[in-house]
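One-letter residues, chain by chain:
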Amino acid sequence: MKFNFLQKQTSRREMLRGSVTLAGSALMAPFFPATLLPASVAGYGQQTPSAADLLASMRAKFNAAPLKTQRIGEDVTMLSGPGGSVVVLNGPDGKFVVDTFVAPAWPRLKEALDGLGNAPVKCVINTHWHFDHTDNNVPLHAAGAMVLARENTKKRMSEAHDLPVLYRGPDGALASLHFDPSPPEALPQQTFCATHKLQANGESLALQHVAPAHTDTDIYVHFEKANVIQMGDLFFNWMYPYIDPSTGGTIAGMIAAADKILSLAGNDTKIVAGHGPLGNKTDLTKFRDMLVTSRDRVEKLKSAGKSAQEAVAEKPFADLDPVWGNGIINSEQWVQIVYLTL
Ligand SMILES: [Zn+2]
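For clarity, every value in this text was computed on a predicted model and none was experimentally measured. (Residues numbered from 1 in each chain as written. Predicted model: local features only at pLDDT ≥ 70, side-chain atom pairs only at ≥ 80, totals over all residues. Heavy atoms only, no water.)

Caption draft 1: Just the overall build of the protein chain, in detail. Looking only at helices and strands, one finds 12 helices and 14 strands in the protein chain. The buried share of the protein chain, reckoned over its 342 residues, is 55%. When contacts within the protein chain are restricted to residue pairs at least 6 apart in sequence, long-range pairs at least 24 apart make up 65% of them. About 13,700 Å² of surface is accessible on the protein chain, with carbon and sulfur atoms providing 54% of the total. (Helix = DSSP H or I, 4+ residues; strand = E, 2+ residues; numbered from the N terminus. Buried < 20%, exposed > 50% of the residue type's maximum accessible area, 1.4 Å probe, protein only. Contact = heavy atoms within 4.5 Å. Areas by Shrake-Rupley, 256 points an atom, 1.4 Å probe, with all protein chains shown as cover.)

Below you can see the structure in the form of structure tokens.
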């Protein structure tokens, strides 16, 4: 099937109407289990959910996760749960925070950061533009932090986007979720194009871009002394990843990014995924191999002339699903994501 990304030339009102219509009688994808939906979203038929309602339900779903704190280096802490993984470098030079969880998790994020010590948050780094990594730029900046990201992250946050296959439309097909441009106070204050180096708290941070992979805004952050690499959504540990075709994501780019990190990582390197538990080189190798298998199988179906729906019906990942299909993205979504980003 062909996805309609709600043409840019349509007015915003038309775009929103389109999103609402698509969401109308929605059977929600796993992002939106009925129990977590607000009544206005779950009550099909009486009231159609707005794009804002759908996004709010997605934030609520992420926010339902408990927040876990795990020390992964002398001055480096991983926070995981409500919207993925956050890594904090803490010390006398201030806190350096990579990614920020979803907006409703702010009180818990603040509490966890305060619990690490009295140093103020000096710098926030976004691994890419998605809301579950940038949502709390606003309160962190308001508290005095400078937000740092790739130039492309700022550009993408400043635009409207429609991300495909995130929920079911009225025709039963997986449809797009609409995002408005972020307000100016949410945007990074400092940006770089390809590479940026930071020295703080006795640690050396290398911020490095990759070619379009999960999006066209991705970086990874290498804490060189602590031997930690934070990959953002270039890595989902033991679950199918989301890849964002609306902002340049490609399955080939995801494979190339995994290969690049595998070439940097040693057996003792701690690898932080955007979603999922703390990983290592073995986990990333399994993820990379799953990506290659997925690409090869869907490529074969696509080049044989199958549509995305026909490819889904073939169940090409039946053997992979028990291991990889129980996270954020299910098997049907993953077939469509691979098909769209080949
Ligand atoms: Zn993402």
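Now, onward.
Caption draft 2: Geometry of the coordination of the zinc ion. Note on the zinc ion: its protein donors are His-128 (NE2), His-130 (ND1), His-214 (NE2) and Asp-233 (OD). The metal-donor distances range over 2.1 to 2.2 Å. In this structure, the zinc ion is coordinated by four donor atoms arranged in irregular fashion, with angles at the metal of 88 to 166°. Mapped onto the polypeptide sequence, the residues donating to the zinc ion form the spacing pattern H-x1-H-x83-H-x18-D. Of this pair, His-130 sits in the loop between strand 5 (121-125) and helix 5 (131-134) while Asp-233 sits in the loop between strand 13 (228-230) and helix 8 (251-264), and the two are 103 residues apart along the sequence. Considered together, His-130 and Asp-233 belong to a single accessibility category, that of buried residues. (Donors = N, O, S within 2.8 Å, 3.2 Å for Na, K, Ca; no water. Tetrahedral: all angles 85-135°; square planar, octahedral: opposite > 155°, others 65-115°.)

Caption draft 3: Representation of the confidence of the model for the protein chain within the structure. Of all residues in the protein chain, 86% have pLDDT values of 70 or greater, and the mean over the chain is 88. Confidence drops under pLDDT 50 across residues 1-46; counting only partners more than four residues distant or on other chains, this segment forms 97 contacts. (pLDDT = per-residue confidence, 0-100.)

Caption draft 4: Region of the structure containing the packing of aromatic side chains. All told, the structure shown has eight aromatic pairs when counted by the stated rule. The aromatic ring of Tyr-339 is capped on one face by Lys-302, whose charged end is 4.5 Å from the ring centroid. (Phe/Tyr/Trp six-rings, centres within 6.5 Å; stacked < 30°, edge-to-face > 60°. Lys NZ or Arg CZ within 6 Å of the ring centre and 35° of its normal.)

Caption draft 5: Region of interest: the side chain of Ser-85. When you line up the elements, Ser-85 lands in strand 3 (residues 84-89). Here the side chain of Ser-85 touches Ala-273 through a polar contact of 2.8 Å, landing on its backbone oxygen. Excluding residues within four positions of it along the chain, Ser-85 makes contact with Met-78, Leu-79, Ser-80, Val-98, Asp-99, Phe-101, Gln-230, Val-272, Ala-273, Gly-274, His-275 and Gly-276. (Polar contact = N/O pair within 3.5 Å; in protein donor to acceptor, adjacent residues only side chain to side chain.)

Caption draft 6: Geometry of the pairing of strand 11 (residues 203-209). Counting buried residues along strand 11, six of its seven residues qualify, which places the element largely inside the surrounding structure. With six bridges joining them, strand 10 (residues 195-200) and strand 11 adopt antiparallel strand pairing. Note on strand 11: the bridge partner recorded for His-196 is Leu-207. The hairpin turn running from strand 10 into strand 11, its antiparallel successor, is two residues long, and Asn-201 in that turn takes a positive phi close to 55°. Bridge count for strand 11 against strand 12 (residues 219-223) is five bridges, and the pairing is antiparallel. (Pairing = 2+ DSSP bridges.)

Caption draft 7: Fine view of the sheet that holds strand 10. Pairing in this open sheet of five strands is mixed, and the strands run 10-11-12-13-14 from one edge to the other. In the strand order of this sheet, the two ends are held by strand 10 and strand 14 (270-272), each with one partner. The sheet shows a mean angle of 15° between the axes of neighbouring strands, direction not considered. Here strand 12 runs beside strand 13; their pairing, made up of three bridges, is antiparallel. Across the sheet, residue Val-221 finds its bridge partner in strand 13, namely Gln-230. In the packing of helix 8 onto the sheet, the strands contacted are strand 11, strand 12, strand 13 and strand 14, and the crossing angle to strand 12 comes to about 10°. (Axes fitted to C-alpha atoms, helices over the stretch in contact; angles between N-to-C directions.)

Caption draft 8: The arrangement of the environment of Asp-218 in detail. Within the secondary structure layout, Asp-218 lies in the loop between strand 11 and strand 12. Residue classification places Asp-218 among the buried positions, given a relative accessible area of 1%. Sequence spacing of Asp-218 and Met-231 is 13 residues, and the spatial spacing of their C-alpha atoms is 8.6 Å. Other than its neighbours up to four places away in sequence, Asp-218 contacts Thr-127, His-128, Arg-150, Gln-208, His-209, Val-210, Ala-213 and Leu-234.

Caption draft 9: Spotlight on the nonpolar core. Among the nonpolar cores identified, the biggest contains 75 residues, and Leu-284, Phe-287 and Trp-334 are the most heavily contacted of them. Excluding residues that lie within four positions of it along the chain, Trp-334 makes contacts with Tyr-240, Pro-241, Ile-243, Ile-251, Met-290, Leu-291, Ser-294, Phe-317 and Ile-329. Membership of the second largest hydrophobic core comes to 21 residues, among which are Met-78, Leu-89, Leu-205 and Ala-226. (Core = buried A, V, L, I, M, F, W, Y, C linked by side-chain atoms within 4.5 Å.)

Caption draft 10: Structural context of unusual backbone geometry. In this structure, Asn-201 takes a positive phi of about 55° despite not being glycine. The topology assignment puts Asn-201 in the loop between strand 10 and strand 11. Unlike most non-glycine residues, Lys-315 shows phi in positive territory, near 50°. If you trace the backbone, Lys-315 turns up in the loop between helix 10 (308-313) and helix 11 (321-324).

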